[in-house]
Amino acid sequence: MRPYLDKVAPQAWKAAGAYSQAIAEAAATGGLSLTEGELIKVRASQLNGCAFCLNLHTEEARAAGVTQQQLDLLPAWREAGVFSERERAVLAVAEAATQLPLSEEAQADLFGARTVLGDETFVAAEWVAATINLFNRISILSEHPVRPRKA
């Protein structure tokens, strides 16, 4: 078992938590809803294969109002027909920020997302996407275990 980054360097983990809180506040101020933020976190965690964050954020997404059907269909969000225009825009941001470098298709998706969301919400979505990618990497490198959920 690898050492957990958060346990070995608790001061860095505390700073990461403060950073995460600042991003959450900026996202709310920027007009990003809790459900939109959680959709970003779940989709990025799926793409990164971060089981710990995926487990955490699917629970938080449901608590924020994301439906189980949306969570079930998230990998096929473009075809599913169950996501609003804004939700599709933030999902495009999540995928572009996670699958770097930006392809021409991703750049086109980001242009469309910015058109739908406006500058402030678009930037808030990018910050949330960048942040969850950081936390995915911390959890993956630490090999944080998925704990059983309570029924």
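Rules behind the numbers
- Residues numbered from 1 in each chain as written.
- Predicted model: local features only at pLDDT ≥ 70, side-chain atom pairs only at ≥ 80, totals over all residues.
- Heavy atoms only, no water.
- Helix = DSSP H or I, 4+ residues; strand = E, 2+ residues; numbered from the N terminus.
- Rg over C-alpha atoms; globule rule 2.2 N^0.38 Å.
- Buried < 20%, exposed > 50% of the residue type's maximum accessible area, 1.4 Å probe, protein only.
- Expected span 1.5 Å × (residues − 1).
- Bend = angle between axes of the 7 residues up to and from the residue.
- UniProt positions renumbered as here; feature names shortened; annotations may be inferred.
- Core = buried A, V, L, I, M, F, W, Y, C linked by side-chain atoms within 4.5 Å.
- Contact = heavy atoms within 4.5 Å.
- Axes fitted to C-alpha atoms, helices over the stretch in contact; angles between N-to-C directions.
- Parallel < 35°, antiparallel > 145°, perpendicular 65-115°, else oblique.
- Left-handed = near helix turned anticlockwise from the far one by under 90°.
- Nonpolar A, V, L, I, M, F, W, Y, C, P; charged D, E, K, R; others polar.

Going by an unreviewed UniProt entry, the chain carries the name AhpD family alkylhydroperoxidase and comes from Leucobacter aridicollis.

Turning to the overall build of the chain, a few remarks are in order. Summing up its helical and strand segments, the chain has 8 helices and 0 strands in all. Along the chain direction, N to C, the helices and strands of the chain fall in the order α-α-α-α-α-α-α-α. Compactness check: the chain gives a C-alpha radius of gyration of 15 Å against a globular reference of 15 Å for 151 residues, within 12% of the reference. Taken along the three principal axes of its C-alpha coordinates, the chain extends 45 × 35 × 30 Å. Burial analysis of the chain (151 residues in total) assigns 38% to the buried set.

Given a rise of 1.5 Å per residue, 39 residues ought to cover 57 Å, yet the end C-alpha atoms of helix 8 (residues 104–142) are separated by just 33 Å, more than 12% below that figure. Of all the bends found along helix 8, the most pronounced is centred on Gly118 and spans about 120°. Just beyond helix 8, the residue with positive phi is Glu143, at close to 55°.

Right, let's talk about the UniProt feature "domain: Carboxymuconolactone decarboxylase-like" (unreviewed entry) in the chain for a bit. Mapped onto this numbering, the UniProt entry annotates "domain: Carboxymuconolactone decarboxylase-like" (unreviewed entry) at residues 22–96. Secondary structure across residues 22–96 comprises 79% helix and 0% strand; the distance between its end C-alpha atoms is 22 Å.

This paragraph deals with the nonpolar core. Counting 18 residues, the largest nonpolar core has Leu32, Ile40, Val93, Leu117 and Ala125 as the members making the most contacts within it. Those elements giving two or more residues to this core turn out to be helix 2 (10–29), helix 7 (85–98) and helix 8. Considering every element that reaches this core, the biggest residue donor is helix 8, with 9 residues. Within the second largest apolar cluster, 10 residues are counted, among which are Val66, Phe83, Leu91 and Ala92.

In this fold, His57 is placed in helix 4 (residues 51–64). What His57 contacts, discounting residues up to four positions off in sequence, is Glu38, Lys41, Val42 and Ile132.

With that settled, the discussion passes to the packing of helix 7 against helix 8. Two numbers describe a pair of packed helices, the interaxial angle and the distance between the axes. For the pair helix 7 and helix 8, the least separation of the axes is 7 Å and the interaxial angle reads 60°. Considered as vectors, helix 7 and helix 8 are oriented oblique to each other. Seen from above, helix 7 lies across helix 8 with right-handed handedness. Between helix 7, through Glu85, Arg86, Ala89, Val90, Ala92, Val93, Ala94, Ala96, Ala97 and Thr98, and helix 8, the contact on the second element is made entirely by Ala106, Asp109, Leu110, Ala113, Val116, Leu117, Thr121, Phe122, Ala125, Glu126, Ala129 and Asn133. Tallied by class, residues from the contact of helix 7 with helix 8 come to 15 nonpolar, 3 polar and 4 charged.

Right, let's talk about the environment of Gly30 for a bit. Residue placement: Gly30 occurs in the loop between helix 2 and helix 3 (34–48). Look at Gly30 and you get buried, because its relative accessible area is 11%. Taking the C-alpha atoms as reference points, Gly30 and Thr121, 91 residues apart in sequence, are found 4.9 Å from one another. The contacts of Gly30, once residues within four sequence positions are left out, are Glu120, Thr121 and Ala124.

Before going further, it helps to examine the packing of helix 4 against helix 8. Helix 8 packs onto helix 4 with a crossing angle of 130° between their chain directions and a minimal axis gap of 8 Å. With respect to their mutual orientation, helix 4 and helix 8 come out oblique. Across from Phe52, Cys53 and His57 in helix 4, the residues of helix 8 making contact are Ile132, Phe135, Asn136 and Ser139. Taken together, the residues that form the contact of helix 4 with helix 8 break down as 4 nonpolar, 3 polar and no charged.

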